[in-house]
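What follows is each chain in one-letter form.
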Amino acid sequence: MVASSATASTDQNPISRHNKRNLEIMSTSHSDLRQTVLKAQDLSKRVSSPEGQLTILDRVSLDVAEGESIAIVGASGAGKSTLLGLLAGLDVPTSGRVWLGSAEITALDEDGRAALRADKVGFVFQSFHLIASLTALENVMLPLELAGVEDAREAALHAIRTVGLEPRKGHY
């Protein structure tokens, strides 16, 4: 089993687990032989609200193996975006730990998490977060240039070709 979630459940289904908020993590892999590239252990996130303490995530755990695909599904408010933010080091959990490869990102400060994200994490946001004054190609080139990638233009063109967007590379 490489992906699981949440409460102190005795359910041993290897493909899908649920937490109290109906957040489901589904895995494509049954193999425990591949190296774990992402691990979360007992992640919880609580925030204060006018009504009192709000639990967004409650003891979510998962392991993602190299080459594995997972899906995190659930209703609005189930904690999907919060979980992704914690797994990427964009936010810190109230309790629990996250490892990206061998690095425990929950033990890093903000600068350390930012450096790890810059090197190891990619995001596809629901809203595109593109710079309107730049073409599609220039939007792809920008983070590569900021990271000091040699020949950022060629790397960006390769990425655009890979996802089938070359005809739109000049679009704003």
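Described below are features of the structure shown in this document. (Residues numbered from 1 in each chain as written. Predicted model: local features only at pLDDT ≥ 70, side-chain atom pairs only at ≥ 80, totals over all residues. Heavy atoms only, no water.)

**Observations regarding the environment of Ile70**
Here is step 1: For Ile70, the position within the fold is in strand β5 (residues 70–73).
Here is step 2: Taking the C-alpha atoms as reference, Ile70 lies 6.8 Å from Ile25; in sequence the two are 45 residues apart. (Helix = DSSP H or I, 4+ residues; strand = E, 2+ residues; numbered from the N terminus.)

**Regarding the sheet that holds strand β3 (residues 36–49)**
Sheet strands pair via backbone hydrogen bonds, and the direction of the pair is either parallel or antiparallel.
Here is step 1: Pairing is antiparallel across the open sheet formed by four strands, whose spatial order is β4-β3-β6-β7. In the strand order of this sheet, the two ends are held by β4 (52–65) and β7 (103–104), each with one partner.
Here is step 2: For β3 and strand β6 (residues 95–100), the ladder comprises five bridges, and the chain directions are antiparallel. Looking at the pairing, Ala40 lines up with Val98 of β6. (Pairing = 2+ DSSP bridges.)

**Focus: the nonpolar core**
Here is step 1: Counting 19 residues, the largest nonpolar core has Leu43, Leu57, Leu62, Leu83, Leu87 and Val98 as its most contacted members.
Here is step 2: Going through the elements one at a time, β3, β4, α1 (80–87) and β6 are the ones with two or more residues in this core.
Here is step 3: Of the residues forming this core, the biggest block, five residues, is contributed by β4.
Here is step 4: Setting aside its immediate chain neighbours within four residues, Leu43 contacts Leu57, Asp58, Arg59, Val60, Leu83, Leu86, Leu87, Pro93, Ser95, Gly96, Arg97 and Val98.
Here is step 5: In this structure, Leu137, Met141, Ala156 and Leu157 belong to the second largest nonpolar core, which totals five residues. (Core = buried A, V, L, I, M, F, W, Y, C linked by side-chain atoms within 4.5 Å. Buried < 20%, exposed > 50% of the residue type's maximum accessible area, 1.4 Å probe, protein only. Contact = heavy atoms within 4.5 Å.)

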